[in-house]
Amino acid sequence: MNRRVVEDTEKRLGVLWERMQLLDERLIAELNRLCALLDTDMHAEALGVYREVAKAYESELKWLARRSGLSVYVATATPTAPATSGGPNLWKKDIMSSLLLGHHATAAAAALSDPPAGLVNTNLIRTVDLQALPYVHEQLGVIVQNDHPTLAFTRYKLRIPQAKRARLAQIHVHERKSGAPLPLARRQPLAEAAADADDPEVYEVRLRGAGLMPGEKLGLNIDLVFGAGSVRPSPAAAGQAADQVWAWADAALVMSDYTTRKQKTVVKTRVARVGRVDGALALAKGGTVTFGPYTNATAAEGKGEIGVHFMDNGAQMEAVTQRREYFVSQWADDLHVRDYYTVRNAGPQLDRFDKVRQVMTKHMHGRDNFIKALLVSVPADAREMYFVDQIGNVSTSAVAQAKLGGRKVLQLQPRYPLPGGWVYAWWHGYSVPLAQYLRRQGSRHHLRVPLIEPITATASLEARLSTKELAARNTAVTEYEMRVTLPEGASAVRLAASVDLSAELVRTKYYLDSVGRPVVVVRCHNVAPDMFGLAVVVSYDYGRLAAWIKPAVVAAWLLIAFGLASALSRVERGLAKKAKAKTE
């Protein structure tokens, strides 16, 4: 009996949630329409649209109230004319605030968006891992308790502060006890005009089953990865051989919608001893610093900032832009790979470059803050490799003879060493046999290629062949793009991957192309470390007739050219005959 009631309740909540989501989408569209009318000073039309939306919105909310069995109060107010003191902008805010107020009040009353009242974080431990720089791994271990006497909660909200959301590369949530992953969705702002650039990014975690019942507790592990810029050099400028000091800083309290009874932060570094520590209730032990615990605190109360300074002379690099291109040639049975890079040394800015001091530093100190080599892993059967920058071919590249895990190491030595803050752009490429990456099933073809390959920066030329150096992965990719150019005539293109990717299909033309080639374009912002080495599968139809498109077009053009030449050769050149007659 209880099981049937729970299943029926879960089904009803699912129906109500879907209906509420549709209402959200409609409200977003209408708010954007209102903003467009107000921006063009069409106040009368905007007022009419507002009244229609409010009426339809109220009827929809009454339907939701009947299905949920809860009372609903619609908190809306109808503005009549632009305010004289604030003008149309103030009137615009009045319209949007009234609609948004009604939306949020109704959602809270119907318990469809799981208001924070009733949920409490009894204990929260934030662990910040600075051992894989430039990436920063952060885990929030939280115990959530439902203190509401009657309501069950099916969702848990997360907030990412504005200062950190631009660097967010990955977020995962799973239950601590069972390890089961939980679905996560980013909450869209109700309207672009209503969203503030300083607002945090909100995520909703869908809890399993009927949710968290009254009096129950649930342990959650929230794993976040932040990309380039999460730690900064301190000071921002340093000498060629000076030690690199890095600073990590964040709010002392984790931003949350819920009251947190107890929380602390643990920061781990890969050094034996940290430097300066900022913040209250801090305890440093070796390379680990503990802040807190802070009791009965909410993020709104604030505890200031906490920070850790530590010395780390390892190279850190940011790939500002990276683009990988695959060119599929069915006739030549060849897959050409080309990588475009624009990288920056993320270390402290060089105060003054001195070539003499650089040479002396190499012999006296054995190290400096320059990136001298770039290591890339390539397939063992890669051939026709090249390394080119904006000036031309760079002859200081080499290929390691030793194979690491069935692959070779491509050593790229830039035209000049890269001190902190310097930028270098280049592209390199190679070819591999297509048969190793392409599987055929009749006319259906499946191309399986790596999504992205890591690149490693080294500050020592002597250590560039080290397997440990290659596995360091000390480069964070900010903007990435992958392009897969398929043969001309390919159709029914599909992309499959183990992660969610933003992809589009475009067309391009190369030499002797007629109808153009389909190109699959994938773009990523703040590439997470887990994405390195992942494979994507591009499937497409390519029959025998499609394979003969280009030969047929080339043959047709040759026949046309031959016909034109033959026709022109038969044309009598009258001027030439008259000139010959006069000569005789």
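Computed from a predicted structure; not experimentally measured. (Residues numbered from 1 in each chain as written. Predicted model: local features only at pLDDT ≥ 70, side-chain atom pairs only at ≥ 80, totals over all residues. Heavy atoms only, no water.)

### Here we look at the overall build of the chain
Each helix and strand in the chain was counted, giving nine helices and 31 strands. Classification of the 584 residues of the chain by burial places 43% in the buried group. Pairs at least 24 apart in sequence give 76% of the contacts found in the chain among residues at least 6 apart. If you sum the accessible surface of the chain, you get close to 30,400 Å²; carbon and sulfur atoms cover 55% of it. (Helix = DSSP H or I, 4+ residues; strand = E, 2+ residues; numbered from the N terminus. Buried < 20%, exposed > 50% of the residue type's maximum accessible area, 1.4 Å probe, protein only. Contact = heavy atoms within 4.5 Å. Areas by Shrake-Rupley, 256 points an atom, 1.4 Å probe, with all protein chains shown as cover.)

### Observations regarding the nonpolar core
As a rule of thumb, soluble globular proteins bury nonpolar side chains together. Leu 335 and Trp 426 are the most contacted members of the largest nonpolar core, which totals 56 residues. Element by element, the count of residues in this core is highest for strand E27 (residues 475–485), at five residues. Grouped together as the second largest cluster of nonpolar side chains are 24 residues, Tyr 156, Val 205, Leu 207 and Val 254 included. (Core = buried A, V, L, I, M, F, W, Y, C linked by side-chain atoms within 4.5 Å.)

### Some details on unusual backbone geometry
Note that the residue after Leu 133, namely Pro 134, is joined by a cis bond; omega there is 10 degrees. Its location among the elements puts Pro 134 in the loop between strand E1 (119–129) and strand E2 (136–146). Here the bond from Gly 292 into Pro 293 is cis, since omega is 10 degrees, no more than 30 degrees from zero. Turning to its location among the elements, Pro 293 is positioned in strand E14 (residues 288–297). Its identity as a non-glycine residue notwithstanding, Leu 281 has a phi of 55 degrees, on the positive side.

### Quick word on the pattern of salt bridges
Summed over the entire model, instances satisfying the criterion amount to 20 salt bridges. The partner of Glu 481 in a salt bridge is Arg 483, with the nearest N and O atoms 3.4 Å apart. Relative accessible area serves as the criterion here: at 16%, Glu 481 is assigned to the buried category. In this structure Arg 483 comes out as partly exposed when scored by relative accessible area, which is 23%. Glu 481 is the salt-bridge partner of Arg 523, the closest N and O atoms lying 3.2 Å from each other. Taken together, the positions of Arg 523 in strand E30 (residues 517–525) and Glu 481 in strand E27 put the pair 42 residues apart, joining distant regions of the chain. (Salt bridge = Lys/Arg side-chain N within 4 Å of Asp/Glu carboxyl O.)

### Structural notes on the environment of Gln 316
Position of Gln 316 among the secondary structure elements: in the loop between strand E15 (305–311) and strand E16 (317–329). For Gln 316, a relative accessible area of 3% corresponds to the buried category. When the C-alpha atoms of Gln 316 and Asn 345 are compared, they prove to be 6.4 Å apart, with 29 residues separating the residues in sequence. Apart from residues lying up to four places away in sequence, Gln 316 is in contact with Leu 133, Pro 134, Val 231, Trp 246, Arg 344, Asn 345, Ala 346, Gly 347, Ile 371 and Asn 474.

### Quick word on the sheet that holds strand E6 (residues 201–206)
Strand-to-strand pairing in sheets goes through backbone hydrogen bonds, with the strands running parallel or antiparallel. What the three strands build is an open sheet, ordered E3-E6-E5; its pairing is antiparallel. Strand pairing shows two members of the sheet lacking a second neighbour, strand E3 (155–160) and strand E5 (184–186), which therefore form its edges. On average, each strand axis in the sheet is tilted by 25 degrees relative to the strand beside it, whichever way the strands run. Looking at chain direction, E5 and E6 are connected through three bridges and run antiparallel. The residue bridging Arg 186 from the neighbouring strand is Tyr 203, located in E6. (Pairing = 2+ DSSP bridges. Axes fitted to C-alpha atoms, helices over the stretch in contact; angles between N-to-C directions.)

### Structural notes on the confidence of the model for the chain
A residue-level look at the chain finds 71% of positions with pLDDT of 70 or above and a mean pLDDT of 80. Confidence drops under pLDDT 50 across residues 69–97; counting only partners more than four residues distant or on other chains, this segment forms 52 contacts. (pLDDT = per-residue confidence, 0-100.)

### A short note on the environment of Lys 268
Within the secondary structure, Lys 268 is located in strand E11 (residues 259–268). Under the relative-accessibility criterion, Lys 268 is labelled partly exposed at 35%. Linking Lys 268 and Val 308, residues 40 residues apart in sequence, is a C-alpha distance of 9.8 Å.

### Quick notes on the sheet that holds strand E10 (residues 245–251)
The four strands lie next to each other as E8-E10-E15-E12, forming an open sheet whose pairing is antiparallel. With partners counted over all chains shown, the strands left at the sheet margins are strand E8 (232–233) and strand E12 (277–278), one partner each. Where E10 and E15 come together, seven bridges link them in antiparallel fashion. By the bridge assignment for E15, Trp 246 is matched with Phe 310.

### Quick look at the side chain of Arg 167
Looking at where Arg 167 falls in the secondary structure, it is placed in the loop between helix H4 (162–165) and strand E4 (168–175). We note that Arg 167 is buried and unpaired, the nearest opposite charge coming from Asp 250 at a distance of 6.6 Å. Polar side-chain contacts of Arg 167 include one of 3.5 Å to the side chain of Ser 230. Setting aside its immediate chain neighbours within four residues, Arg 167 contacts Val 225, Phe 226, Gly 227, Ala 228, Gly 229, Ser 230, Arg 232 and Asn 526. (Lys, Arg positive; Asp, Glu negative; His and termini not counted. Polar contact = N/O pair within 3.5 Å; in protein donor to acceptor, adjacent residues only side chain to side chain.)

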